[in-house]
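Understanding the architecture of this molecule
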Amino acid sequence: MISKEQIKTRYNEVFDSMPTHIVRSPGRINIIGEHTDYNEGFVLPTAIDKAIYVAVGKREDDLIRLYAEDFKAYFEVSIADIRPVEEGWPNYVLGVVGQLRERHLTFGGFNMYIDGDVPLGAGLSSSAALECAAGFALNVLFDLQLQRVDIARIGQLAEHTYAGVKCGIMDQFASVMSKADHVVKLDCRDLSFSYTPLELGEYAILLLNTNVKHSLASSAYNDRRASCEEGVRFVQAKYTDVNSLRDVSIAMLDELVKPVDEDVYTKCRFVVEENQRLNDACAALERGDLEELGQQLFRAHTGLSKAYEVSCPELDFLVDYVQEFPEVLGARMMGGGFGGCTINLVKKSFQDLLIDRLTPVYKAKFGLDLTAIKVVPSNGTEILL
Ligand code: GAF
C-alpha cells in the first residue's frame, strides 16, 4: 500500500502544487479462462491488493505533464499533439486521452503523478491498472460523467491504439469492477457478470513470478487473436449465424477448420475447451471442490502450453515442479503468456516451504530470481481524494 500522504507529498515535489484527486486502480489475477475474452467467452478474474496510483491536477494551459515514479521520468506533450511514443509508459495515459478525444469529451491540460506497487511485466496487468487509474482520474477531474464500464472500454481501446496489443476486456474490467474476497465471472460477449466468493479454506493463491517477459509477447498475442478470427471465418462459411468462437463447437471445428488449417484448428479448439474448463471450474468452486478446481488449472496450463503455445520454458518448469506436491492442488501460467507469473492453489501451511525449495532450483536452472507474491482478492478502482 502506498499512502495518500506520500502521494500528495511527491506530487507537490514534482509539480510544485497540490493534486485535486488521487485514484487507486489494482492489478489482477485470473483463476481460469485465458485468451477467451477476445473470443466473446468467459473469464474469472479478480483484482489484487497491489495497485497503480495516480494523482492529478488541472493546468492553465493545454499541456499534459506526466511523471512516473518507477522510471523517475517526466513526459510532456500538448493535447493537440498526442500520438504513440517510443518511451512506452506514457502510451497508457495518452491512449486514454486519445479515447476521450474520440468521444468528443471536453477537457484541458493536466499534471499526473504515477506510482504503484504492481510488479511490472509480471502479467498482473499493471498497464490496464494505469489506463483505468488515468481514466478514473480524468473522469473526476473534468467531470466527464463516464461509468466504470466505459472507463474499462476506454482502457482496452487505449491498449489497442497506443500500445498495439489487441487485448480483450478482462484486465480493465477486473481492475474497475472487482469485489474483495470474490472472483468475477464475466461474460465478455455482453459484459454481464456475477460475483462468486473465493472461499479457499486452508488453501491460498500464490503467484510465482518467472521474472521473464519474452519479447515476442505482443506480436504473438495479436497472431493468436488473428488465428481465432480466421477459424471463425472458416466456420461462418457454413454456419452463418456464428459470430465468434463462443458460438463454435468442437464438431464445427472438426468439420470446417481441421481439414483446411491444422494450426488454426488447434488454437481454436483450445479456446472452445478453455471456456468449458472455466464453466467446470466455476461449478467446482461453487460446491467447494478445490481438488477439481486445481485439476482444471493444470489442464488449462497443458492447453496453453501445448495447444495455444503461449507458455515458455520458465513457466512450464514452475508448473511441472509444483505438480509433484500433494499440497499444491493446481497451477498454470496466467495472463497473455511468454513470461510473467504462474498462479498456484497451495495449502497455506506449505507456501513458505515451497518457496524455499523452489527458489534455488529455479535459480540454478535459469539463472533467474524467483519472486513469490501472496495476493488477496480486492476491490476494484477507488477514488482516494
Ligand atoms: C492479456 C490481455 F490483456 C487480456 O485481455 C487477456 O486476453 C489475457 O492476456 C489472456 O487471457 O492479459
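Keep in mind that what you see is a predicted model, and the values were worked out from it rather than measured.

Criteria and thresholds
- Residues numbered from 1 in each chain as written.
- Predicted model: local features only at pLDDT ≥ 70, side-chain atom pairs only at ≥ 80, totals over all residues.
- Pairing = 2+ DSSP bridges.
- Helix = DSSP H or I, 4+ residues; strand = E, 2+ residues; numbered from the N terminus.
- Contact = placed C-beta atoms within 7 Å.
- Axes fitted to C-alpha atoms, helices over the stretch in contact; angles between N-to-C directions.
- Left-handed = near helix turned anticlockwise from the far one by under 90°.
- Nonpolar A, V, L, I, M, F, W, Y, C, P; charged D, E, K, R; others polar.
- UniProt positions renumbered as here; feature names shortened; annotations may be inferred.
- Buried ≥ 20, exposed ≤ 12 C-beta atoms within 10 Å, placed from the backbone.
- Domains from an automatic or database assignment.

In this section: the sheet that holds strand β6 (residues 110-116). The strand order β5-β4-β6-β3-β1-β13 describes an open sheet built from six strands, whose pairing is mixed. On the outer flanks of this sheet lie β5 (73-78) and β13 (382-383), each paired with one strand and no other. Both strand β3 (residues 45-58) and β6 contribute to a ladder of seven bridges, which runs antiparallel. Looking across to β6, one finds that V56 is bridged to M112. With respect to the sheet, helix α1 (residues 4-15) is in contact with β1 (21-30), β3, β4 (63-68) and β6, its orientation differing from that of β6 by roughly 135°. Lying on the sheet, helix α3 (residues 126-141) is in contact with β1, β3, β6 and β13; it crosses β1 at an angle near 150°.

Turning our eyes to something else, we now look at the packing of helix α10 (residues 313-322) against helix α11 (residues 351-366). Interaxial distance between α10 and α11 falls to 11 Å at its minimum, and their mutual angle equals 140°. Here α10 and α11 pass one another in a crossing that is right-handed. Here α10 contributes E314, F317, Y321 and V322 to the contact with α11, which in turn contributes L354, L358, V361, K365 and F366. Split by residue class, the contact of α10 with α11 holds seven nonpolar, no polar and two charged.

The UniProt record annotates "binding site: Mg(2+)" (unreviewed entry) at S127 and E159. Sequence-wise these annotated residues cover 33 residues; spatially they are packed, their C-alpha atoms never more than 8.3 Å apart. Along the polypeptide, S127 turns up in helix α3. Those residues in contact with S127 that lie beyond four places of it in its chain are Y92, E159 and A163. Along the chain, E159 turns up in helix α4 (residues 148-163). We classify E159 as buried; it has 24 C-beta atoms within 10 Å. Excluding residues that lie within four positions of it along the chain, E159 makes contacts with G95, S127, E131, V165 and C167.

Moving on: the sheet that holds strand β2 (residues 42-43). Read from one edge of the open sheet, three strands run β2-β7-β8, paired in antiparallel fashion. Lying at the two open borders of the sheet, with one neighbouring strand each, are β2 and β8 (193-197). The pairing of strand β7 (residues 182-187) with β8 spans five bridges and is classified as antiparallel. Of the residues in β8, the one forming a bridge with H182 is P197. With respect to the sheet, helix α5 (residues 170-177) is in contact with β2, β7 and β8, its orientation differing from that of β7 by roughly 135°. This element, helix α8 (residues 262-286), spans β2, β7 and β8 of the sheet and lies at about 45° to β8.

Another aspect to go through is unusual backbone geometry. The backbone of D181 shows a phi angle near 65°, a positive value even though the residue is not glycine. Of note, D181 is situated in the loop between α5 and β7. Its identity as a non-glycine residue notwithstanding, N211 has a phi of 60°, on the positive side. With respect to the helices and strands, the residue N211 is situated in strand β9 (residues 203-213). For N211, a count of 18 C-beta atoms within 10 Å translates into the label partly exposed.

Within the secondary structure layout, L66 lies in strand β4. In this structure L66 comes out as buried when scored by C-beta crowding, with 23 C-beta atoms within 10 Å. Residues L66 and R153 lie 87 residues apart in sequence; the distance between their C-alpha atoms is 22 Å. Aside from chain neighbours lying at most four places away, what touches L66 is Y74, F75, P90, V93, M112 and I114.

Interfaces are often sized by the accessible area lost when the parts come together. According to the domain assignment, the protein chain consists of domain 1 (4-198 + 379-383) and domain 2 (203-376). Using only C-alpha atoms to locate each centre, domain 1 and domain 2 end up separated by 25 Å. Counting residues at the interface gives 27 residues for domain 1, matched by 38 residues for domain 2. Listed by contribution, the elements that provide at least two residues to the side of domain 1 that touches domain 2 are β1 and β3. The residue inventory of the side of domain 1 that touches domain 2, partitioned by class, reads eleven nonpolar, ten polar and six charged.

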